[in-house]
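# Observations on chain architecture
Below, each chain spelled out in residue letters.
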Amino acid sequence: CYSPWRYDANYQRNLTLLRRAVVLNPDAPMSHAWLARELLRVNKPDEAMREAMLAWSATKAAIARGEHPSIILPASLLTFLMLERGEAKKALAIVNQAITMGGDHPNLDLLLATALDCTDKLPQAEQAARRCLERDSVLYTTEVMPGACSWAAMSLLGSIRLKQDDITDAIHWFRSALQD
């Protein structure tokens, strides 16, 4: 049975537990990343940005110490939030850094394609979006953003191809996205 109170209570419980985890483990990248993701879910983008930045800093520090932290979620969250704020150049720098550090995931490809599209680097954006589609039906240990290997990448390709004045191909990608 659906109850908005139950969902609010779950989010509040999650936020409380994740805030405790961050206090207990301030150098743990994933604690900050999970808190950032939960803050996004409750529509607190400024707090989410702060935690995403802490997650990314902690990730880079862990790598510098010779550890092997997960790169995908911290980089994806921070890149997404930068794009949401219209800071495409910063987003591009973060996602490129994550890829250079070994990040290999459709989330990064989709965010890279979006950042490249926003900075008018259309051929590179198209390549990154096509990489997303090549990853369909592949399993990943890190959650894949909705549509990253399907409709979202197809819609982005449609937009890119439209900017490149290839109307026929743009329509193809838009239709494919709608049918997916």
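Structural data are supplied above this passage.
Read on for an overview of the structure. In this text, all values refer to a predicted model and were calculated from it rather than measured experimentally.

### Some remarks on the environment of Ala21
For Ala21, the position within the fold is in helix H1 (residues 4–24). Look at Ala21 and you get partly exposed, because its relative accessible area is 21%. Along the primary structure Ala21 and His32 are separated by eleven residues, whereas in three dimensions their C-alpha atoms are 8.4 Å apart.

### Overview of the environment of Lys44
Counting through the fold element by element, Lys44 comes out in the loop between helix H2 (29–41) and helix H3 (45–64). A relative accessible area of 32% places Lys44 in the partly exposed class. Note: C-alpha distance between Lys44 and Ser70 (26 residues apart in sequence) is 24 Å.

### Comments concerning the pattern of salt bridges
For the coordinates displayed, the defined rule picks out 16 salt bridges. The salt bridge involving Arg41 is made with Glu38; its shortest N-O contact spans 3.4 Å. A residue pair is termed a helical-turn pair when its members lie 3 or 4 positions apart in one helix, as Arg41 and Glu38 do in helix H2 at three residues. Overlapping salt bridges bring together Glu126, Arg130, Arg161, Asp166 and Asp169 as one network.

### Concerning the nonpolar core
Trp56, Leu78 and Leu110 are the most contacted members of the largest nonpolar core, which totals 48 residues. Top contributing element to this core by residue count: helix H4 (residues 72–84), with eight residues.

### Side note on unusual backbone geometry
Its identity is not glycine, yet Asp120 carries a phi of approximately 60°, on the positive side. Positionally, Asp120 belongs in the loop between helix H6 (106–118) and helix H7 (122–134). Taking relative accessible area as the criterion, Asp120 reaches 61% and is therefore assigned exposed. The phi dihedral of Asp165 is positive, around 65°, even though this residue is not glycine. Mapped onto the elements of the fold, Asp165 is located in the loop between helix H8 (151–163) and helix H9 (167–179).

### Section: H4
With 13 residues, H4 should reach 18 Å at 1.5 Å per residue; the first-to-last C-alpha distance of 18 Å fits that figure. Those residues of H4 that fall on the buried side of the exposure criterion are Ile72, Leu73, Pro74, Ala75, Ser76, Leu77, Leu78, Thr79, Leu81, Met82 and Leu83. Structurally, H4 contributes buried residues whose contacts are with H2, H3, helix H5 (88–100) and H6.

### Considerations on H2
In an α-helix there are 3.6 residues to a turn, and that puts residues three or four apart on one side. If you check H2, its first and last C-alpha atoms are 19 Å apart, about what 13 residues at 1.5 Å a residue would give, namely 18 Å. Taken together, the buried positions of H2 are occupied by Pro29, Ser31, His32, Ala33, Leu35, Ala36, Glu38 and Leu39. Looking at the residues trailing H2, positive phi occurs at Asn43, about 60°.

### Focus on the packing of H5 against H6
Interhelical geometry of H5 versus H6 gives an angle of 145° and a closest axis separation of 9 Å. With respect to the hand of their crossing, H5 and H6 are arranged in left-handed fashion. Along its contact with H5, which presents Ala88, Ala91, Leu92, Val95, Asn96, Ala98 and Ile99, the element H6 presents Leu108, Leu111, Leu112, Ala115, Leu116 and Cys118. The class makeup of the residues in the contact of H5 with H6 is twelve nonpolar, one polar and no charged.

### Considering the packing of H2 against H3
Packed helices, taken two at a time, are described by the angle between their axes plus the distance between the axes. Between H2 and H3, whose axes approach to 8 Å, the crossing angle comes to 160°. One finds that H2 runs roughly antiparallel with respect to H3. Taken as a pair, H2 and H3 cross one another with a handedness that is left-handed. Contact residues: H2 offers Pro29, His32, Ala33, Leu35, Ala36, Leu39 and Leu40, while H3 offers Glu47, Ala48, Glu51, Ala52, Leu54, Ala55, Ala58 and Thr59. When the residues that make up the contact of H2 with H3 are grouped by side-chain class, the tally is eleven nonpolar, two polar and two charged.

The rules behind each value
- Residues numbered from 1 in each chain as written.
- Predicted model: local features only at pLDDT ≥ 70, side-chain atom pairs only at ≥ 80, totals over all residues.
- Heavy atoms only, no water.
- Helix = DSSP H or I, 4+ residues; strand = E, 2+ residues; numbered from the N terminus.
- Buried < 20%, exposed > 50% of the residue type's maximum accessible area, 1.4 Å probe, protein only.
- Salt bridge = Lys/Arg side-chain N within 4 Å of Asp/Glu carboxyl O.
- Core = buried A, V, L, I, M, F, W, Y, C linked by side-chain atoms within 4.5 Å.
- Expected span 1.5 Å × (residues − 1).
- Contact = heavy atoms within 4.5 Å.
- Axes fitted to C-alpha atoms, helices over the stretch in contact; angles between N-to-C directions.
- Left-handed = near helix turned anticlockwise from the far one by under 90°.
- Nonpolar A, V, L, I, M, F, W, Y, C, P; charged D, E, K, R; others polar.
- Parallel < 35°, antiparallel > 145°, perpendicular 65-115°, else oblique.

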